[in-house]
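# Survey of secondary and tertiary structure
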Amino acid sequence: MGLLCLLCLWLVLALAPLGAGAWQCPPIPYSSTRNFSVPYTLPNLDAGSPIQNVAVFADSDGTVAIFVAVRNRILLASAEMRLLSVLVTGPVGSAKCEICRLCPATKDGPEDTDNVLLLLDPLEPWLYSCGTARHGLCYQHQLEVRDGKVAITETHCLYSAMGNSPTLCPDCVASPLGTSATVVATSYASFFYLGSTINSSVAAQYSPQSVSVRRLKGTLDGFSGDFQWLTVLPQYRDNYTIHYVHSFADGDHVYFLMVQPERPGLPVYHTRLARLSTHERDLRRYRELVLDCRFESKRRRRRRSGEEDAERDIAYNVLQAAHTARPGARLARDLGINDTDTVLFGAFAESQPESWMPQENSAVCAFPIRLLNQAMEEGMEKCCGIGHQPLLRGLSFFQPVEYCPHNVNLSAPVINTSCWDQPTLVPAASHKVDLFNGQLTGVLLTSIFVTALGDVTVAHLGTAEGRIFQMVLQRSSSYLLTLANFSLGEPGPVQGAMGSQSHSLFFAAGTKVWRLNVTGPGCRHFSTCQRCLRAERFMGCGWCRGGCTRRHECAGPWVQDSCPPVLTDFHPRSAPLRGRTRVTLCGMTFHSHWDPDPSRRPLGAYRVTVGQRGCTVLPQESGRPPPTSRRKEFVNVLVCELEPGGPAAARGPANVVLTVEEPTRPFGFRVQGSATLGGFIFVEPHIRALHPPFGPRGGGTHLSLHGTHLSSGSSWRVMVNGSECPLTRQPSDNGTIQCTAPTASGLGAALVALWIDGEVFPAPLPFQYRPDPSVSAIIPNCSYEGSMLTIIGTHLDSVYRAKIRFEARGVTTQTTECEDPLAPERLLCRSPAFPLKSKAEAVLGNVSVLLDGADGRWLFHLQYYSRPEFFPLKQEGGRFRLKPGDDEIEVHQLGLNALATCMNITMTVGGRDCHPNVLINEVTCRLPRELHLPPAGAPVEVGIP
């Protein structure tokens, strides 16, 4: 019997779960194989002012010159980035600007010249420069190569005093808001195809017009006045802005790339391609097409931990830069085109909401020009052909709203082509998917230059943070193949990328221009031999004394055909002296080419030793773990088994040595060399104790083996009298192994032994099997949290630790351990805590008696009540004072009356039973007649189980 006024403590034990699984090699981040913080020093030219434009001149003899335009100056530099000369272009009205005198004098004060266009003639050695001064006039600079150097020999102002007025100005070419241009040269003239951003103030005087084609006069005094144009209508000039990003010529057409609102009055932007024919100057066959570059998450669904990625579809709606080039053979195959086709490569960004300003979220999409032209022709057939749905011609910001006529029978022998002779927005979008599969999040691309090197297509991408990415373009790859990623050392955005015939690229950022070979800045950013030799061959990388370099940078042996293996980890860290321990080796460069078929792997290429012991490679268990998300991590795995026999291992530390000798391959590199990693130790395990020492014959006892070095090795088996004792968890480093005792055929002592990797280690004492216990009753048949229950049965002392738990309403309590048996037939157990909603609530459930894992369990119905409460005696000082002649004591309580129906309630005064009477809210009793209260009083105690 226990007393309610006493504090009772009991211990709740939980069965530890099994280990999560076999040990796995720690993955190696791919990022560790490259160091993109390695600095590279590139030839550069500092112009002293923010660079506005760059043009690269190259003649048939290979002479290269770079023209760099800044405010009021054009710098001429050699291919080695040495400054050759400076041409002053402003301020207009300044005595320093000699060429300014070639154009008409300005009535205003000095006016700075910001360069808007810097172009080279495709046929003649001429450079054109157009600035913001004098309403966007241009100069022609004639070039001459002298002794391998380029010089400006003569300059002409492309302006005529006749034929220019504020309302019509053929010689006003450049807009202060931005102009993109392409020069197309024929045998008799050069034509300027111009796209200019305008607003109402620019259009009010000497407007350059939105789109125009202008012929340079043979007299070099300006442009012919009979040019044609399209321009934004007056009502849209301040709320429908067209930003011209890039222009280029291909075949019989000139193309412009623009970012503009989807339609007037809508603050949502997209990118369009405009096409003009080089065979007509009146812009009747002007076409526009929407370019749609996006990432679609449904194309790359993955499951991580059983759930789909929360990726979203992204429309990269605003173009930042573009370049046209022929693709390498690999990308051409991916795109389903020929490697002779011209492809438009665009660097796009996701825009900020209701703005054309970009976010740091970029993509690169590829649009084959042939397919764009085909889409335009098919779109015009929908506009002109009979039987199609009504379509608008679009371009309502250029021309009045008009529907397509749909009046042409395309199968007729003679077709009226007048429908084609009007500017039209083709009713279709050219849809392409991001080549980088949405993986340039957090990056804003600002420039792009694409080259085909062998069968590989390489993009050089400039960013807003002044970095250059050199990346292989491949269709919707699940990972980025980055060849280089380096900083120019200038914090501003990379504004442009230009190429030359000498395989050099030129990038501008801030006040500088850098020259970079198309093969990249170098190889030092590759941190491992394997990554170095797997770089594209055109990069010219080789391994030199622990680093990746180019041949001319290496002062010692420079290797391109072999790499040594690299060990990063192994498991286990220890093993018994004579066991057949399986050792898992982790690292990289274990093989040059992975073959998933073990039978085809060159097993003779591998040799592993651990100290003085050999270790046989197990090909079926060696390989690579499953690929991780987006291939951000990797690891090579090799499993071997320590060989029996041979020289005996000595206790103590040992090195793990992996030697790989792959045969020579016809291409690529092979793995050749050794790697050594310390930290392995040979030990001698010893079992010090076995706990508990006994259990029921039916098994189920949780055995613990304690000792030293029991967790060494790679496999463990515990045997009890020749029967396996299954492990309940992976062996721990604290020297404990736990298992569940098997069923025995008889009673008495049973030998216990631990097998580690085939080597046996006996326990110092046997395990004793006792008769199986049974339970016949549990009293009382009601309970509350912490009350004492008595288990009645037989052989209850065969169990080292009995436990009980309570279940009701789908809720199962934690198990509580019982006390040691008072006798083989009796156990005392404290009731576990069960959540009741109120003090007055009771629940009927089942109590389970768990006898140390013995077969079966015993269930008994049990009424569960809230824990009763007793309130202090109400009189002063917690003492109950009796008046003369009174002998009844009362104690106020809550919940005791329900327990009185199933439990024996006692109440004592001064240690003597007073035979209590339990009422609804109180318990009373009369003083025993034989009790004589001392003057100091006597304690009152209420007892329940």
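Residues numbered from 1 in each chain as written. Predicted model: local features only at pLDDT ≥ 70, side-chain atom pairs only at ≥ 80, totals over all residues. Heavy atoms only, no water.

### A word on the overall build of the protein chain
When helices and strands are counted, the protein chain shows five helices and 72 strands. Relative to a compact globule of 945 residues, whose C-alpha radius of gyration would be 30 Å, the protein chain shows 44 Å and is clearly more extended. For the C-alpha atoms alone, the extent of the protein chain along its principal axes is close to 140 × 85 × 65 Å. Residue burial in the protein chain is summarised as follows: out of 945 residues, 51% are buried. Counted over contacts in the protein chain with a minimum sequence separation of 6, partners at least 24 positions apart contribute 59%. Within the structure as shown, the protein chain displays about 44000 Å² of accessible surface, and the carbon and sulfur contribution to it stands at 51%. Across the protein chain, 85 positive and 84 negative side-chain charges occur, with their mean positions spaced 3 Å apart. (Helix = DSSP H or I, 4+ residues; strand = E, 2+ residues; numbered from the N terminus. Rg over C-alpha atoms; globule rule 2.2 N^0.38 Å. Buried < 20%, exposed > 50% of the residue type's maximum accessible area, 1.4 Å probe, protein only. Contact = heavy atoms within 4.5 Å. Areas by Shrake-Rupley, 256 points an atom, 1.4 Å probe, with all protein chains shown as cover. Lys, Arg positive; Asp, Glu negative; His and termini not counted. Charge placed at Lys NZ, Arg CZ, Asp CG, Glu CD.)

### Regarding the sheet that holds strand S8 (residues 115-120)
Taken together, the four strands give an open sheet; going across it, the order is S8-S9-S10-S11, and neighbouring strands pair in antiparallel fashion. Looking along the sheet, the strands with just one partner apiece sit at the ends: S8 and strand S11 (149-158). Averaged over all adjacent pairs, the angle separating strand axes in this sheet is 20°, with direction ignored. (Pairing = 2+ DSSP bridges. Axes fitted to C-alpha atoms, helices over the stretch in contact; angles between N-to-C directions.)

### Some details on the state of the cysteines
The final tally for this structure, using the stated rule, is 17 disulfides. Here Cys544 engages in a disulfide with Cys554; their sulfurs sit 2.1 Å apart. When the S-S torsion is 80°, as for the bridge of Cys544 with Cys554, the disulfide is right-handed. Highlighted residues: Cys544 in strand S35 (residues 542-544) and Cys554 in the loop between strand S36 (547-549) and strand S37 (562-563), separated in sequence by ten residues. Classification of Cys554 by relative accessible area gives buried; the value is 14%. Here Cys914 connects covalently by a disulfide to Cys925, the sulfurs 2.0 Å from one another. Note on the Cys914 and Cys925 pair: the S-S dihedral is about -85°, so by sign convention the disulfide is left-handed. Taken together, the residues Cys914 in the loop between strand S69 (912-913) and strand S70 (917-918) and Cys925 in strand S71 (residues 922-926) connect sequence positions eleven residues apart. For Cys925, a relative accessible area of 3% gives the class buried. (Disulfide = S-S within 2.5 Å.)

### Some thoughts on the sheet that holds strand S63 (residues 826-830)
The strand order across the open sheet built from three strands is S57-S59-S63, with neighbouring strands paired in antiparallel fashion. Bordering the open sheet on either side are strand S57 (774-779) and S63, each of which pairs with just one other strand. Direction aside, the axes of adjacent strands within the sheet are offset by 30° on average. Across five bridges, the pairing between S57 and strand S59 (residues 788-794) is antiparallel.

### Thoughts on the packing of aromatic side chains
A complete count under the given rule lists 19 aromatic pairs for this structure. Measuring from ring centre to ring centre gives 6.1 Å for Tyr188 and Phe191, while their planes differ by 85°; the resulting arrangement is edge-to-face. By relative accessible area, Tyr188 is classed as exposed at 60%. With a relative accessible area of 4%, Phe191 lands in the buried category. Ring plane angle 85° and centroid distance 5.3 Å describe the contact between Phe806 and Phe834, whose orientation is recorded as edge-to-face. Here the residue Phe806 occupies a position in strand S60 (residues 802-808), and Phe834 occupies one in the loop between S63 and strand S64 (842-851), the gap between them amounting to 28 residues. Comparing Phe806 with Phe834 shows no difference in burial state: the two are buried. (Phe/Tyr/Trp six-rings, centres within 6.5 Å; stacked < 30°, edge-to-face > 60°.)

### What to know about the confidence of the model for the protein chain
Of the residues in the protein chain, 92% have a pLDDT of 70 or more, and the chain-wide mean is 88. In the model, residues 1-20 has pLDDT below 50 throughout and makes 36 contacts with residues more than four positions away in sequence or in other chains. The low-confidence segment residues 299-309, where pLDDT is below 50, has 15 contacts with residues more than four positions distant or belonging to other chains. (pLDDT = per-residue confidence, 0-100.)

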